[in-house]
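Structural features, examined
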Amino acid sequence: MVLSSYPTSSSKSKRNKLIFSDYDPILGVNLEPALWSVKYRPKTWSDFVGRESTINQLRFLAESSVFANMIFYGPSGTGKTAAAEVFSREILGESYNANFKILNIRDVWDIPVTKAKRSVQDLAKLERGQRSELEEYMSVVFREAKAARMARGRGGDPTRGELLSEAIRFYASTATVADEKVKILVLDEADALSSGMQQALRRTMELYSDTCRFILITPSLSGWSPAIISRCLTLNFSNPPDHIVQGFLDDIAKEEKVSIDEPALTAIARESQGDLRRAINLLQIASAASDTVTEDVVYEYSETPLITSVRSIVTLALDGQYPAARKEIRNLVAIDGYSPQEVCVEIERDLVKRPFSPPVLSKVLDRVAEIDYRLLQGKNAFVHLAALLASLRAIGADEL
Ligand SMILES: Nc1ncnc2c1ncn2[C@@H]1O[C@H](COP(=O)(O)OP(=O)(O)OP(=O)(O)O)[C@@H](O)[C@H]1O
Ligand SMILES: [Mg+2]
């Protein structure tokens, strides 16, 4: 969890613990969501802030019950997944639980074949906490993919790519529940689909267009096949301006009875750069640490160990101290347990804050995007992160 990596002193850690415990082991029930970003997740259209035109368009589509396949694109923490949920709830009404599914493409891809291979009976023997809904789904998908291979005269287990394609096709191909006309399949983090998989997705979309609508969620439209884009309605989510973020935080602070001054609100808005999830998390962390949230408290808590380490790694790489940078990044992944993807995202965040000229920044970010893509395809993520560090010096160092 992102928040757990924030620094805590002993007195603070006691308070921070309260933030994370939304499960009461004695009562065995979930209490009110402990994370404010979950508690304040939009449940109706009026809960959304920023990008009014997109939300109004969605609201209108939901009211008219007519909709095509869609792509929601935009940066992190702008409400893409929440909007897909609210939209689907409005369209599907009571049959939402039966006819809605969300698949996170990276999560599906990360499930190893050996795990997917376990039978539903094997999974049933495990404790509830040891098996996820996705693992149960992938167990069924594995058998479908294996049968499809056999039908093509091929033996052996399905590949991870085949499992992913089947995970999408299987849900789309099964009948809707409760006599509904359509069901909705949301593919979150769909930018992780390779171009070959995009082709397979296009065929699935066409084949099951009568019964299944797709909502694809992705940070940007680049890398998407024009054949898919032309078949979807594209909706842009963007980072709201600082004054909107401040107003939003102010409302939450009042609701939670947090004492916060104007400069602190400005500081959170600036630090979170329009990412509302990050803004709410920052407000919650700062308010748990201090009775009155001031600008200083915000800055103290906006630095995570990951941000600090990545800053030092990028500086080392740009200074030409490649071996030291490589060693630090290995520690981050192998010892501290950060995922290569989150390290890559943090490197991108760090790079945009540095004073590169626009052409150089664009080259650097191009390279980051390439590595982000390769991280997904390659077996050894560390090799790609190390390659990114090596190229930073070559691309950017002349400017600094
Ligand atoms: N437009 C918004 N209005 C109000 N709250 C928002 C909005 N966008 C994000 N949030 C807050 O951030 C949290 C995360 O939102 P959501 O998961 O929809 O973001 P996302 O755009 O899908 O991000 P990511 O690309 O990282 O998956 C929500 O639970 C909510 O607390
Ligand atoms: Mg999302």
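A brief structural summary. (Residues numbered from 1 in each chain as written. Chains lettered and ligands numbered in written order. Predicted model: local features only at pLDDT ≥ 70, side-chain atom pairs only at ≥ 80, totals over all residues. Heavy atoms only, no water.)

1. What to know about the site of ligand 1
Taken together, 19 residues are adjacent to ligand 1, and S37, S76, K80, T81 and A82 come closest. Between ligand 1 and the protein, one listed contact pairs an oxygen atom with a side-chain N or O atom of S76 at 2.4 Å. At 2.9 Å, a backbone N or O of G77 approaches an oxygen atom of ligand 1. Across the complex, the protein chains shield 91% of the 630 Å² of accessible surface that ligand 1 would expose by itself. Looking at the shell around ligand 1, the elements that each hand over two or more residues are helix 4 (80–92) and helix 15 (276–289). For the shell around ligand 1, the class distribution of residues is nine nonpolar, six polar and four charged. When residues of the shell around ligand 1 are assigned to domains, at least three fall in each of domain 1 (51–236) and domain 2 (240–302). (Near = heavy atom within 4 Å. Polar contact = N/O pair within 3.5 Å; in protein donor to acceptor, adjacent residues only side chain to side chain. Areas by Shrake-Rupley, 256 points an atom, 1.4 Å probe, with all protein chains shown as cover. Helix = DSSP H or I, 4+ residues; strand = E, 2+ residues; numbered from the N terminus. Nonpolar A, V, L, I, M, F, W, Y, C, P; charged D, E, K, R; others polar. Domains from an automatic or database assignment.)

2. Section: the pairing of strand 5 (residues 183–188)
On a regular strand, one side chain projects to one face of the sheet and the next to the other, so that they alternate. Most of strand 5 is tucked away: six of the six residues are buried. Neither face of strand 5 is exposed, since K183, L185 and L187 on one face and I184, V186 and D188 on the opposite face are all buried. Judged from the five bridges that link them, strand 4 (residues 100–104) and strand 5 form a sheet pairing that is parallel. Among the inter-strand pairings, F100 is bridged to a residue of strand 5, identified as I184. Handedness of the crossover joining strand 5 and strand 6 (residues 212–218) through helix 11 (residues 195–207) is recorded here as right-handed. (Buried < 20%, exposed > 50% of the residue type's maximum accessible area, 1.4 Å probe, protein only. Pairing = 2+ DSSP bridges. Right-handed = clockwise from strand over helix to strand, strands pointing away.)

3. Concerning the side chain of S290
The topology assignment puts S290 in the loop between helix 15 and strand 9 (292–293). In terms of polar contacts, S290 uses its side chain to reach the backbone carbonyl oxygen of T292, at 2.6 Å.

Fair warning: the whole summary comes from geometry, so function is off the table for now.
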